[in-house]
Amino acid sequence: MAELNQHWTLARTPAEGLPTDGDFAWGESPIPSPGPGQMLTRTIYLSLDPYQWGRRRGGVEKVGEVCHGRTVSQVVESRMDGYVSGDYVFNTNGWQKYGLTGEGIPVFGYMFPRKIDPAVAPISTAVGVLGMLGLTAYSGLVVQCDPRAGETVVVSAASGGVGQCVGQIAKILGCRVVGIAGRQEKCDFVTGELGFDACVSHLSPTFAEDLRAACPDGIDVYFENVGGRVFEAVLPLLNKGSRISVCGLVSTYGRTDGVDSREEWRAAGQPTFEHQGVTYKDLAVGQHVAEYQDQFLEKMAGWMGAGRIRYREDISAGLERAPEAFRAMLEGGNFGKTLVQVSEDPTRQDAGFRPSGA
Ligand SMILES: NC(=O)c1ccc[n+]([C@@H]2O[C@H](COP(=O)([O-])OP(=O)(O)OC[C@H]3O[C@@H](n4cnc5c(N)ncnc54)[C@H](OP(=O)(O)O)[C@@H]3O)[C@@H](O)[C@H]2O)c1
């Protein structure tokens, strides 16, 4: 029997709260053939990201559509200029094993396909440190906050995909870096492996005091990934003229009270912002691609080549596991950049890929 494509589609517009099994539907269908100007690619790595939940809950993703997601894939058959069978590409196949890219296939915002050179870095990093996550960190930290050597930079969700990059770039720039993470093993990783100066756990009953002790000179730059009570602990420590990049508020993504989290965040911060002359900027990485992506990719590839950037990935084996891995990420169950390995990675013979459904 011919091999079939496999996919997860959105089964319903999700209710408020966190994802449940009923939000996703598993299906199989014939593998499509590329038309003129298109290529068929096989998904190797699927990136799971918090923003995907916002698209689903917000109705941007329609019921019955293959769930959106950025991917690292290999070209199976190409009728698209510049791509041949066997090439590795960054594209947006979504939560499926095979997908078409090219003419007539919608792209999500700025996510145009690009070729990946496996000689530069492991191909999975094209959806991680050497891709959108790294660019998110770079845009929020360097472009929006302009940290100077000796300043104290604090980043929440420090062991996650974006947070890892933020702290390490800040270290390269000569800053003192303090991470905020959940479990102790995440904090140990952030200081031990990534070289942050300190990391405090937001799960500790003495979290606010711990953060104050870790920032004896206050905070000059805060990279906001979380919001909520983490932000409340940051506020009293903000120095005069400090800068904030509001990258995400992941602690609010499962909320069910209908409150506008961004508005709430601004209202909570306003008295301090005014008193201390704090500036904050909302971050949307897509707005920085045209101007900064090339500059970022060159710098990041150089730092990685020089061994100055380390990273941790949390890879689930098998497309079947995408919904559970997605939910775990939103609850802090992930440890590092969250990926699903959908099929074999020929560049990494030791990957030990075992599809969970096989
Ligand atoms: N603005 C943009 O363009 C853009 C682009 C990409 C990502 N983002 C945002 O960047 C942030 C990080 O994304 P990521 O992909 O790197 O995800 P991630 O950090 O790998 O995973 C999410 C992490 O959030 C933390 N978390 C979840 N619930 C929390 C809570 N209630 N309190 C405190 N921490 C909580 C958990 O870490 P702990 O276990 O350590 O708590 C979890 O591991 C998200 O807010 C995302 O929306 C924004």
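Residues numbered from 1 in each chain as written. Predicted model: local features only at pLDDT ≥ 70, side-chain atom pairs only at ≥ 80, totals over all residues. Heavy atoms only, no water.

> Provide a residue-level description of the packing of helix H2 (residues 132–145) against helix H3 (residues 161–172), including the pertinent values.
Across the interface, H2 lies against H3 with an axial gap of 8 Å and an inter-helix angle of 50°. Relative to H3, the element H2 lies oblique. When you trace H2 past H3, the crossing you get is right-handed. Here Leu133, Gly134, Thr136, Ala137, Tyr138, Leu141 and Val142 of H2 come into contact with H3, specifically with Gly161, Val162, Cys165, Val166, Ile169 and Ala170. In terms of residue class, the contact of H2 with H3 is built from ten nonpolar, three polar and no charged. (Axes fitted to C-alpha atoms, helices over the stretch in contact; angles between N-to-C directions. Helix = DSSP H or I, 4+ residues; strand = E, 2+ residues; numbered from the N terminus. Parallel < 35°, antiparallel > 145°, perpendicular 65-115°, else oblique. Left-handed = near helix turned anticlockwise from the far one by under 90°. Contact = heavy atoms within 4.5 Å. Nonpolar A, V, L, I, M, F, W, Y, C, P; charged D, E, K, R; others polar.)

> Which residues make up the pattern of salt bridges, and what values go with them?
According to the stated counting rule, one finds 21 salt bridges in the structure shown. The partner of Glu193 in a salt bridge is Arg310, and the shortest N-O contact between them spans 3.0 Å. Taken together, the residues span a long stretch of sequence, with Glu193 in the loop between helix H4 (184–192) and strand S10 (198–201) and Arg310 in the loop between helix H8 (289–305) and strand S14 (313–317) at a distance of 117 residues. Exposure remark for Arg310: the relative accessible area of 44% places this residue in the partly exposed category. Where Arg327 meets Glu331, a salt bridge forms, and the shortest distance between an N and an O atom there is 3.2 Å. Put simply, Arg262, Glu263, Arg266 and Asp282 are held in one network by salt bridges that share partners. (Salt bridge = Lys/Arg side-chain N within 4 Å of Asp/Glu carboxyl O. Buried < 20%, exposed > 50% of the residue type's maximum accessible area, 1.4 Å probe, protein only.)

> Break down the site of the ligand for me, with residues and values.
Close to the ligand lie 27 residues, the nearest being Lys186, His202, Tyr253, Leu283 and Asn334. In this structure, His202 approaches the ligand through a side-chain N or O atom, which is 2.6 Å from an oxygen atom. Side-chain polar atom of Tyr253 to an oxygen atom of the ligand: 2.8 Å apart, as the coordinates give it. Out of a free accessible area of 910 Å², the ligand has 89% covered by protein chains. Those elements giving two or more residues to the shell around the ligand turn out to be H2, H3 and helix H9 (322–330). Partitioned by chemical class, the residues of the shell around the ligand number 15 nonpolar, eleven polar and one charged. Mapped onto the domain boundaries, the shell around the ligand takes at least three residues apiece from domain 1 (4–128 + 311–351) and domain 2 (132–286). (Near = heavy atom within 4 Å. Polar contact = N/O pair within 3.5 Å; in protein donor to acceptor, adjacent residues only side chain to side chain. Areas by Shrake-Rupley, 256 points an atom, 1.4 Å probe, with all protein chains shown as cover. Domains from an automatic or database assignment.)

> Tell me about the confidence of the model for the chain, residues and numbers included.
Caution applies to low-pLDDT regions: their predicted coordinates should not be interpreted in detail. On average, residues of the chain score 94 in pLDDT, and 96% of them reach the 70 mark or higher. Predicted confidence for residues 351–358 stays below pLDDT 50, and this span has 15 contacts to residues more than four positions away or in other chains. (pLDDT = per-residue confidence, 0-100.)

> Would you mind going over the domain arrangement of the chain in detail, with residue names and values included?
Here the chain is partitioned into domain 1 (4–128 + 311–351) and domain 2 (132–286). Of note, the centres of domain 1 and domain 2, computed from C-alpha atoms alone, are 28 Å apart. Contacts between the two partners involve 22 residues from domain 1 and, on the opposite side, 19 residues from domain 2. For the pair domain 1 and domain 2, the two sides together bury roughly 1500 Å², of which 58% comes from carbon and sulfur. The tally of links from domain 1 across to domain 2 stands at seven residue pairs in polar contact (both at pLDDT 80 or more). No other element matches the three residues that helix H1 (residues 51–57) contributes to the side of domain 1 that touches domain 2. Its residues assigned to classes, the side of domain 1 that touches domain 2 shows ten nonpolar, six polar and six charged. (Buried area = accessible area lost by both parts, 1.4 Å probe.)

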